[in-house]
Amino acid sequence: MGLWDFMKKTDINQEIKEYSSLKGAILLDVRTPEEYREGHIPNSRNVPLQTINRITQVTDNKDTPLFVYCYSGSRSRQAVNALQHMGYTKVKNIGGIASYNGKVER
């Protein structure tokens with residue numbers, strides 16, 4: 001990682017394409033259940049940041065690729081840190097649904 005890589009903005013739309021190409025990957029929405037019901041990316045699973053320790057109900061395989069998003073990217077960054085501390089090895093913060101251009105389910 002270069003010195004200025006932290007300045008790069010994650011493109012959630014590009015990350016969704018990467019997620020779709022990885023067999024067994026999980027798209028994780030860490031917003032509240034209410035936010036999730038208002039609209040979420042298709043095939044995403046809702047595990048709110050406040051209950052991120054319940055990720056084992058979705059997968060207990062620590063090598064499962066997890067693509068994590070929220071509204072803006074802030075909660076997903078916190079969730080990624082928590083998941084890494086829990087031992088998950090393939091965790092990626094893909095940013096916020098606010099920048100997503102694709103289909104949304106309700």
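Look up: the structure comes first, before these words.
Only a predicted model underlies this, so the values are computations on that prediction, with no experimental measurement involved. Here the residue numbers are simple positions, counted from 1 along each chain's written sequence. This being a predicted model, a pLDDT of at least 70 is required before a residue's local features are given, and a value of 80 or more before pairs of side-chain atoms are given or counted; all residues contribute to the totals for chains, interfaces and linings. Water and hydrogen atoms were dropped before computing side-chain values, which therefore reflect all heavy atoms in the structure.

Chemist: Which parts of the structure should I look at to understand the nonpolar core?
Modeler: Grouped burial of nonpolar side chains is what soluble globular proteins tend to show. If you look at the biggest cluster of nonpolar residues, it comprises 16 residues, and the most contacted ones within it are Leu28, Val30, Val68 and Leu83. Each helix corresponds to a stretch of at least 4 residues labelled H or I by DSSP, and each strand to a stretch of at least 2 residues labelled E; elements are numbered beginning at the N terminus. Listed by contribution, the elements that provide at least two residues to this core are β1 (26-29), β3 (66-70) and α3 (74-85). Residue types Ala, Val, Leu, Ile, Met, Phe, Trp, Tyr and Cys, when buried and joined through side-chain atoms within 4.5 Å, form a set referred to as a nonpolar core. When a residue's accessible area, from a 1.4 Å probe over protein chains only, is under 20% of the maximum for its type it is buried; when over 50% it is exposed; and in between it is partly exposed. Residues Tyr19, Ala25, Ile41 and Tyr100 belong to the second largest nonpolar core, which totals eleven residues.

Chemist: In this structure, what is going on with the layout of surface pockets? I would like to understand it.
Modeler: Leftover empty space is mapped by rolling, across the atoms, a probe with the size of a water molecule. Estimated volume of the largest pocket: approximately 170 Å³. Only protein atoms enter the 1 Å grid, on which a cavity is a set of points fitting a 1.4 Å probe that cannot get out and a pocket is an open set with protein on both sides within 12 Å along at least 5 of 7 lines, lining residues being those with an atom within 4 Å of a point. Lining the largest pocket are 13 residues, with Lys9, Ser72, Gly73, Gly95 and Gly96 sitting closest to its centre. When residues in the lining of the largest pocket are grouped by element, the largest group, four residues, is from strand β4 (residues 91-96). In this classification, the charged set is Asp, Glu, Lys and Arg, the nonpolar set is Ala, Val, Leu, Ile, Met, Phe, Trp, Tyr, Cys and Pro, and all remaining amino acids, among them Gly, are polar. Across the lining of the largest pocket, the residue classes break down as four nonpolar, seven polar and two charged. Grid points are joined across faces, edges and corners, and a volume is the space filled by probe spheres set on the points.

Chemist: Honestly, the packing of aromatic side chains in this entry has me stumped. Any pointers?
Modeler: What describes a pair of aromatic rings is the distance from one ring centre to the other and the angle between the planes of the rings. Classification of ring pairs rests on two measures: the distance between centres of Phe, Tyr or Trp rings, Trp counted by its six-membered ring, which must be within 6.5 Å, and the angle between planes, read as stacked under 30 degrees, edge-to-face over 60 and tilted in between. This structure, assessed with the given rule, holds one aromatic pair. Note on Tyr19 and Phe67: the rings are 5.9 Å apart at their centroids and 65 degrees apart in plane angle, and the pair reads as edge-to-face. Linking Tyr19 in helix α1 (residues 12-21) with Phe67 in strand β3, this pair joins segments that are 48 residues apart in sequence. Exposure remark for Tyr19: the relative accessible area of 13% places this residue in the buried category.

Chemist: Looking at this structure, how should I read the sheet that holds β4?
Modeler: Each strand in a sheet pairs with another by means of backbone hydrogen bonds, the pair being arranged parallel or else antiparallel. Taken in spatial order, the four strands of this open sheet run β2-β1-β3-β4, and their pairing is parallel. At either margin of the open sheet sits one strand with a lone partner, and together these are β2 (44-46) and β4. Neighbour to neighbour, the strand axes of the sheet diverge by 30 degrees on average, direction disregarded. Summarising the sheet, β3 and β4 pair through five bridges and their orientation is parallel. Note on β4: the bridge partner recorded for Phe67 is Lys92. Residue contacts are counted whenever heavy atoms from the two residues lie within 4.5 Å of one another. Fitted lines through C-alpha atoms give the axes, limited to the stretch in contact for helices. The angle between two N-to-C directions lies from 0 to 180 degrees. Relative to β4, α1 is tilted by about 140 degrees, and along the sheet it contacts β1, β3 and β4. We treat two strands as partners when DSSP finds at least two bridges between them.

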